[in-house]
Amino acid sequence: MSININKDKCIGCGRCTEICPNTFKLSNEGKSEVINKNDLNCAMKASDQCPVEAIMVNE
Ligand code: SF4
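Computed from a predicted model, the values in this text were never measured in an experiment.

Caption draft 1: Spotlight on the side chain of S32. Following the sequence through the fold, S32 ends up in strand β3 (residues 32–34). The class for S32 is buried, based on a relative accessible area of 1%. Ignoring anything within four residues of it in the chain, the contact list for S32 reads I5, K7, C10, C16, F24, K25 and L26.

Caption draft 2: Geometry of the pairing of strand β4 (residues 55–58). Only one face of β4 is buried: it carries I55 and V57, and the other face, with M56 and N58, is open. Where strand β1 (residues 2–5) and β4 come together, four bridges link them in antiparallel fashion. The residue bridging S2 from the neighbouring strand is N58, located in β4.

Caption draft 3: Spatial organisation of the nonpolar core. If you look at the biggest cluster of nonpolar residues, it comprises 14 residues, and the most contacted ones within it are I3, F24, A46 and I55. Of all the elements in the fold, those that place two or more residues in this core are β1, α2 (40–49) and β4. The contact partners of F24, leaving out residues within four places of it in the chain, are I3, I5, C16, T17, S32, E33, V34, I35, A43, A46 and I55.

Each value, and the rule that gives it
- Residues numbered from 1 in each chain as written.
- Predicted model: local features only at pLDDT ≥ 70, side-chain atom pairs only at ≥ 80, totals over all residues.
- Heavy atoms only, no water.
- Helix = DSSP H or I, 4+ residues; strand = E, 2+ residues; numbered from the N terminus.
- Buried < 20%, exposed > 50% of the residue type's maximum accessible area, 1.4 Å probe, protein only.
- Contact = heavy atoms within 4.5 Å.
- Pairing = 2+ DSSP bridges.
- Core = buried A, V, L, I, M, F, W, Y, C linked by side-chain atoms within 4.5 Å.

Structure representation (structure tokens):
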């Protein structure tokens, strides 16, 4: 299982970090990064809400 961010697509809107603060965090460069891969369900919700479809979740 994995959670990955396409940093080329991410626009740093912060939606994923609001939905799953334990899974995503905005880096200094203003892109989301994965800090914890344990909550796939939350990551899937965030993936659905990402405006640019930059979050990929594989079970
Ligand atoms: S919701 Fe998508 S675009 Fe917004 S910060 Fe997260 S990965 Fe980036």
